[in-house]
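Fold and contact review
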Amino acid sequence: MCLAIPGKVVEVFDQQGMRMAKVQFGGIVREACLEYLPETRVGDYVLVHVGFAISRVDEEEARRTYQLLEELDQLTELNAPLVDEIGDGRRKP
Amino acid sequence: MKYLDEYRDGRLAGKIVEEIHRIQTKPWVIMEVCGGQTHSIVKHGIDYLLPSEIELVHGPGCPVCVTPMEMIDKAHAIARRPDVIFCSFGDMLRVPGSDGDLFTIKSLGGDVRVVYSPLDCLKIALANPDKQVVFFAIGFETTAPANAMLVWRAQQEGVRNVSMLVSHVLVPPAIAAILQSPLNRVQGFLGPGHVCAVMGYREYEPLSAQFKVPIVITGFEPLDILQGILMTVQQLESGRAEVQNEYSRVLDREGNQPAQKLVFNVFEVADRKWRGVGTIPKSGYKLRWEFREHDAEKLFDVKEIDTLESEVCISGQILSGIKKPHDCPAFGKECNPQHPLGATMVSAEGACAAYYAYGRHLKRDKDDVKLTAISTGGAA
Ligand code: SF4
């Protein structure tokens, strides 16, 4: 569970004053927090660990690492249930 | 048989393997620290490609494995409470405590939820103001920034019904403990790539100097691991002991500084118990006093629970590089991933579980496999 998963940043947005992104991993898009890599732009590839981008990588590195994680069956965390990812998490009226 | 032909670049892998064979003159014991590396080594049979005098031993770098049973029992006691929503990464659900696992607690009506990110707990807490949301914060340095952010945001936003059960561990003190043991056999280390993506590798330099061991920060692709082993053997053969970075395409000496800053704001270094190994001084994090309102151990007065570990289990010696899974009489028999008896079998990244997953409990000895690996791969 210590491994970080590479993905492509497809959208950057603000949530409650926190810099967030939508990151595409293979066919799955999940949110990631960008507070630790604030200069990240749309189109960048980042290593994401439990919902936080921790390091930037290039596209080739991202592709290979993703493939390896897939082989090692280390992508299961991406299947964790969504907790109201779109929206600010406040209770709906 | 798989091995070399399935590498990203089988020719390059073959060249590195040849070079290791060419320069090796003495026996060496090298430890990979990270559980992800262990998994990759066993899956790709990397140890079988090396000269027989180079032994790979498997380190303590699997956070699920080293979480002490007492902590798991504490988590379970909290998760059983009706006023609690207990959140955890998926890996912890199947880890047995003294009495069942989180999965069982959930099936008996406990509100146990798997989260993707610690920040999910904040959302769950806001949506459930009448419940206390407790997050089981385990992990190494890679995970610490994510967990720190949960507590930091909770405090900033005044969300009081979220807390953390912290069981955080750190790599450098574990390396020091291994090297200080009178039984130590490890002469060089492959350092943990993703841990160092956060922390950098500055803090490994004094360790390498004090104990005169090469530490090569390494990724976890098979080619990275082979390259890391080559760099370690080059140092050992030439009598050098320094920190080198094999994984420079991902990390540098300083690491991710914004992440380190928040981690130090939220956590302080504390003694931690490691499953199978015992207490290692200053080897983990606890929440700083300023965040005590979010400290589940303070909020829920869970008594110390006496836990019984299996007597046959030698996982502590496996995690320290003294023994290997095959040295354990229970390996693949009474102890298997469905019924783990000890630390190194509870998660896929533990050495015993990795050996089991790739059928090594069925092999008589590694030489059978070694011949096949080399003949199909064309190395050596
Ligand atoms: S096989 Fe099981 S009992 Fe034996 S050392 Fe590994 S975890 Fe412990």
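Below: a short report on this structure. (Residues numbered from 1 in each chain as written. Chains lettered and ligands numbered in written order. Predicted model: local features only at pLDDT ≥ 70, side-chain atom pairs only at ≥ 80, totals over all residues. Heavy atoms only, no water.)

1. Remarks on the overall build of chain A
Across its full length, chain A holds 1 helix and 5 strands. Overall, chain A shows an N-to-C arrangement of helices and strands of β-β-β-β-β-α. The buried share among the 93 residues of chain A stands at 54%. Of the contacts formed within chain A by residues at least 6 apart in sequence, a portion of 43% connects residues at least 24 apart. Total accessible area computed for chain A in this model is approximately 4100 Å², and 49% of it derives from carbon and sulfur atoms. (Helix = DSSP H or I, 4+ residues; strand = E, 2+ residues; numbered from the N terminus. Buried < 20%, exposed > 50% of the residue type's maximum accessible area, 1.4 Å probe, protein only. Contact = heavy atoms within 4.5 Å. Areas by Shrake-Rupley, 256 points an atom, 1.4 Å probe, with all protein chains shown as cover.)

2. Regarding the sheet that holds strand β7 (residues 188-192) of chain B
Residue and element names in this part refer to chain B. Read across the sheet, 5 strands follow the order β2-β1-β7-β8-β9 without closing on themselves; strand pairing throughout is parallel. The sheet terminates laterally at β2 (54-61) and β9 (243-245), the two strands that pair on one side only. Taking each pair of neighbouring strands and ignoring which way they run, the sheet shows an average axis angle of 25°. Pairing geometry for β7 and strand β8 (residues 215-218), over 4 bridges, is parallel. Looking at the pairing, P192 lines up with T218 of β8. Across the sheet, helix α9 (residues 171-180) is in contact with β1 (28-34), β2 and β7; its angle to β7 comes to roughly 165°. (Pairing = 2+ DSSP bridges. Axes fitted to C-alpha atoms, helices over the stretch in contact; angles between N-to-C directions.)

3. A few points about the interface of chain A and chain B
Opposite the 43 residues of chain A that make contact, chain B presents 47 residues. Contact between chain A and chain B buries roughly 3800 Å² in total, counting both sides, with carbon and sulfur atoms accounting for 63%. Seen at the junction of chain A and chain B, the total is 3 salt bridges. One salt bridge in this structure joins R249 of chain B and E61 of chain A, with 2.2 Å as the shortest N-O distance. Counting the contacts that link chain A with chain B gives 10 residue pairs in polar contact (both at pLDDT 80 or more). Among the secondary structure elements, those contributing two or more residues to the side of chain A that touches chain B are β2 (18-25), β3 (28-33), β4 (45-49), β5 (52-57) and α1 (59-71) of chain A. Residues of the side of chain A that touches chain B, tallied by class, amount to 22 nonpolar, 9 polar and 12 charged. (Buried area = accessible area lost by both parts, 1.4 Å probe. Salt bridge = Lys/Arg side-chain N within 4 Å of Asp/Glu carboxyl O. Polar contact = N/O pair within 3.5 Å; in protein donor to acceptor, adjacent residues only side chain to side chain. Nonpolar A, V, L, I, M, F, W, Y, C, P; charged D, E, K, R; others polar.)

4. Here we look at the packing of aromatic side chains
Taken as a whole, this structure holds 6 aromatic pairs over all chains when the rule is applied. Relative to Y285 of chain B, the ring of F267 of chain B lies with its centre 5.3 Å away and its plane at 10°, an arrangement referred to as stacked. Of this pair, F267 of chain B sits in strand β10 (residues 267-274) while Y285 of chain B is found in strand β11 (residues 278-287), placing the two residues 18 residues apart along the sequence. We note that F267 of chain B, like Y285 of chain B, is buried. Sitting above the plane of the Y116 of chain B ring, R30 of chain A keeps its charged end 4.2 Å from the centroid. (Phe/Tyr/Trp six-rings, centres within 6.5 Å; stacked < 30°, edge-to-face > 60°. Lys NZ or Arg CZ within 6 Å of the ring centre and 35° of its normal.)

5. So, the state of the cysteines
With the rule as written, the count across this model stands at 0 disulfides over all chains. The thiol sulfur of C33 of chain A is not disulfide-bonded, and the nearest other cysteine sulfur, from C121 of chain B, lies at 14 Å. The cysteine C196 of chain B is free of any disulfide, with C34 of chain B supplying the nearest cysteine sulfur at 9.9 Å. (Disulfide = S-S within 2.5 Å.)

Any link to function would need more than the numbers given here.
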